[in-house]
Amino acid sequence: MERRAFLESSSLAAASALHWLRGGGLFGQVAQAPPGAQATPILPGEPPNTIFVALVKAMLPFDDQRFAALTPAAIASSANALFGVDKDADIARNLAVFDSLSLFASPPAALTSAELAVYPPVPGDKSQPATVEARVAADAKSYQTLSAHWNAAQTSFASLQLQEQRAYVMLWARSDLGIRRRFYRAMKSLIMAAAYSMDEAWALIGYAGPLLHFRSS
Amino acid sequence: MTNIEADIVIVGAGAAGATLAATLSEYTNKRIVMLEKGGYYTHDYFDQRELDMSILYAQRGGRTTVDGAIPVQSGECVGGGTTVNFALCFDPREDVWSTWKRETGVGPFSFERTANDYGVSGLNMASCLADVRRRLNVHTPADDQINGNNHMFAAGCKALGVQTKRFELNMIDCIGCGYCGQGCAYDRKLSTMVTYAHDALRRNVRLIHHCDVHSIQFAQRGSQRVATGLTATVRPTAPGSEKNSVEPGEITVSAKLIILSAGAIASPVLLQRSHLPDSNQMIGRGLVLHPSLPIAGVFERDLVNYRGITGAIYSDQYYSSHGFYYECLFDHPVGAACALPDIGSEHFALMSQYSKLAGFGVMLVDSVGSRNGVVWDGQSAAIIYHLSEPDKERLRFAARRGVEIMFAAGAKEVVLTSDEQLGALGGARFKSRQDAALCDHMQFRPCETFLVSSHCQGTVKMGEDPKRSAVNARGESHACKNLMVCDASVFPTSCGANPMIAVMTLARYQGRRVANELSRYAM
């Protein structure tokens, strides 16, 4: 599908997520590259769709009985239909970086240079370490604490236990790297928009939906 | 290539553009063309679904600051922001305009009803405001139209001695569906799409929508640079839009006066893209955008706050001391789910109580920072914005007080749209009023805390000194003749409130002035 077609079918917070992911996301802006060019190869690892479905499961409460009317496959398919998540090489590359646990402590150079470009040190800002190196180190430490009790053989997000996956996602949400927080925000927007635009989800939360039958003549 | 000859061309058909087109066509018989980037959608098209109706917003609502921290929303359709806003009306703040006059030398902008600005009989801000208020039926809705969310907010404020006020709204016989943000399917919200744009079309103003304006054309006449026209591409009309007045393709529009009313992002970008001389780098610089922080409370009983008039009550108690408002707001499920903190069962603990949620927001009147602005890099426009430390400090105070108000209203839990780790709390989720003090530690890191913005202003500032401004009090470019900017871009600072009525009053004022100064533009 063409770039334009994605943006045509996007929406609000989800539109900004797509715009960013499709401009490179964790790899920085690759807008100059011709369409279809793969500036960075997709990393070997889990297939993108497996990672995405795992992320859908981590972000939504399928372990809650009340949510049983919806399935991870239905949400993923809604996200694919609305936003073309499964057809985009940029999103696939981003998901691969997210999935690779070893890259959390030592992120690829493209990610750190994108961090420096978009979230440069701000004089007087005490909200996070000033240098990108210090931010990476702080993240690595948080990861070490979190993963201390995990099975050491795990190398991918997709293969973690559900609660471990959620903790890993929140590590991204509260990362000292702005670009990781942005990835979290982007994926959350796509998944929440895909889920909560479905009439089936409205029934679960007591939202009656449009009132158009009151339209005046 | 289609060439269109006009006397006046207006870029934008929103709050400013539509008001200008209506006013100029009322007071002159000049040939007027109005160009709109978005489509022309009317009530039949508004289906009250969040994803579908994102087509009414710039970049489908996906425009953000470069760091992704703040969605920067504006309407992109006939009616612009007035088609998708919550109809919240504030008269232009006379104190702010007085400060502008004093500090930038712009005038006259008289607020006395008897004043004759520019020698034009009856031209003053007060009379223009009265015209706008009348055309839009700006009024305070009846008591029985206030929904539970607004009552809750008022009760919380009252318990803490915080004063509240009633919003004035530009509506007529609102049915309270709760879908202002998706376009009014009943034409009860009096956007410029159903008022001034309609008036302009009735008086033969030519509207071209789906129109991407590329650049302004200039000519050199002696030592003077003069704007002569625009180049643009008309896109194919999207399904659901009204028909267009030209075929898709490249067009040029030549005109004696060009007025940019494309909003505080698109207007400076068009000037930058057209290479308007700007030796002091004033164009695009000094953006303010009213960063807003939503506050949600979980209540014991069903409130169904997604119905009714979204914003009926606000508080300006802290405007003069801390520079912010509390304004009632509420979101439909997609917007709420994206904004609320956490994931998994913690997130669903909030979403599953959606009909028991209440909400209001902090709207910060942010200060001008010279590093904040809009930059066209030759490929795309970047919105660069950082909250200043003093603004963060005010936001912390506002968040803390807001959490206290929500508890005082009876909430059992209060959340901010933030995943920031605060003290012993997992995120910005408060179990008791005492927890509110944790707001004092908030950092507002980009993408960790979810802020929103709908009120961009101040990117083509007016002033008499070309070193510190880009246009004069008439909105005319310092660098070029026959080129005006008339929208929230020209505000030197924040106008101090939701800007719609201030923008429309300014447009009415400039429209009447231009109609009486046609010879100034060789008409």
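It should be noted that the structure appears before, not after, this text.
To keep things clear, this report deals only with the structure shown in the data block. Keep in mind that this is a model prediction, so the values were computed, not measured.

The subject of this paragraph is the pairing of strand β11 (residues 249–254) of chain B. Summarising the sheet, strand β1 (residues 2–5) of chain B and β11 of chain B pair through 4 bridges and their orientation is parallel. When the bridges of β11 of chain B are listed, Asn3 of chain B appears paired with Thr252 of chain B.

Before going further, it helps to spend a moment on the interface of chain B and chain A. Frequently, the measure chosen for interface size is the accessible area that the parts lose on association. The interface of chain B with chain A comprises 60 residues on the first partner and 56 residues on the second. For the pair chain B and chain A, the two sides together bury roughly 4800 Å², of which 57% comes from carbon and sulfur. Considering only the surface of chain B that becomes buried against chain A, Ile343, Phe348 and Arg445 of chain B emerge as the three largest contributors, covering 16% of it. Put simply, chain B and chain A have 4 salt bridges between them. For Arg49 of chain B, the salt bridge identified is with Asp199 of chain A, shortest N-O distance 3.3 Å. Along the contact surface separating chain B from chain A lie 25 residue pairs in polar contact (both at pLDDT 80 or more). Here the residues of the side of chain B that touches chain A sort into 24 nonpolar, 21 polar and 15 charged.

Before going further, it helps to spend a moment on the pattern of salt bridges. Residue and element names in this part refer to chain B. Taken as a whole and assessed by the stated rule, the structure comprises 39 salt bridges over all chains. Note that Arg133 is salt-bridged to Glu168, the shortest N-O span being 2.7 Å. One end of the pair, Arg133, is in helix α5 (residues 125–135); the other, Glu168, is in strand β7 (residues 168–170), and 35 residues separate them in sequence. You can call Glu168 partly exposed: its relative accessible area is 21%. Each of Glu26, Asp131, Arg134 and Arg508 takes part in a single network of salt bridges with overlapping partners.

What follows covers the sheet that holds strand β9 (residues 211–221) of chain B. The strands making up a sheet associate through hydrogen bonds between their backbones, and the pairing can be parallel or antiparallel. Residues and elements named next belong to chain B. Strand order across the open sheet formed by 4 strands is β1-β11-β10-β9, with mixed pairing between neighbours. The open sheet has two edge strands with one neighbour each: β1 and β9. Strand-to-strand twist in this sheet, taken as the mean axis angle between neighbours without regard to direction, amounts to 25 degrees.

Our next topic: the packing of helix α8 (residues 132–147) of chain A against helix α9 (residues 162–173) of chain A. All names here are of chain A. Two elements in contact, α8 and α9, have axes whose closest approach is 11 Å; the angle formed by their N-to-C orientations is 165 degrees. The angle between α8 and α9 places the two elements in the roughly antiparallel class. As for the relative orientation of α8 and α9, their crossing is right-handed in sense. When α8 is examined against α9, the residues Ser142, Tyr143 and Leu146 are found in contact with a partner set consisting of Ala167, Tyr168 and Leu171. Counted by class, the contact of α8 with α9 contains 5 nonpolar, 1 polar and no charged residues.

So, about empty space enclosed by the protein. Counting across every chain of the model gives 4 cavities of 30 Å³ or more. In this structure, the largest cavity occupies an estimated 150 Å³ of space. Looking at the largest cavity, it is lined by 15 residues, and the ones nearest its centre are Ser16, Arg185 and Ser189 of chain A together with Thr64 and Gly68 of chain B. Here the lining of the largest cavity is composed, by residue class, of 8 nonpolar, 5 polar and 2 charged. For the second largest cavity, the calculated volume is near 100 Å³. In terms of lining, the second largest cavity is formed by 15 residues, of which the most central are Cys174, Gly176, Cys177, Cys180 and Cys184 of chain B. Class assignment of the residues belonging to the lining of the second largest cavity gives a composition of 9 nonpolar, 4 polar and 2 charged.

Residue and element names in this part refer to chain B. Judged by pairing direction, the sheet is parallel, and its 5 strands sit side by side in the order β8-β3-β2-β12-β21 without closing on themselves. Both outer strands of the open sheet, β8 (206–208) and β21 (483–485), are each paired with one neighbouring strand and no more. Across the sheet, the mean angle separating the axes of adjacent strands is 20 degrees when strand polarity is ignored. Summarising the sheet, strand β2 (residues 8–11) and strand β12 (residues 257–260) pair through 4 bridges and their orientation is parallel. Paired with Val9 across the strands is Ile258, a residue of β12.

The rules behind these values
Residues numbered from 1 in each chain as written. Chains lettered and ligands numbered in written order. Predicted model: local features only at pLDDT ≥ 70, side-chain atom pairs only at ≥ 80, totals over all residues. Heavy atoms only, no water. Pairing = 2+ DSSP bridges. Helix = DSSP H or I, 4+ residues; strand = E, 2+ residues; numbered from the N terminus. Contact = heavy atoms within 4.5 Å. Buried area = accessible area lost by both parts, 1.4 Å probe. Salt bridge = Lys/Arg side-chain N within 4 Å of Asp/Glu carboxyl O. Polar contact = N/O pair within 3.5 Å; in protein donor to acceptor, adjacent residues only side chain to side chain. Nonpolar A, V, L, I, M, F, W, Y, C, P; charged D, E, K, R; others polar. Buried < 20%, exposed > 50% of the residue type's maximum accessible area, 1.4 Å probe, protein only. Axes fitted to C-alpha atoms, helices over the stretch in contact; angles between N-to-C directions. Parallel < 35°, antiparallel > 145°, perpendicular 65-115°, else oblique. Left-handed = near helix turned anticlockwise from the far one by under 90°. 1 Å grid on protein atoms, 1.4 Å probe; cavity = no way out; pocket = protein on both sides within 12 Å on 5 of 7 lines; lining within 4 Å. Points joined across faces, edges and corners; volume = space filled by probe spheres on them.

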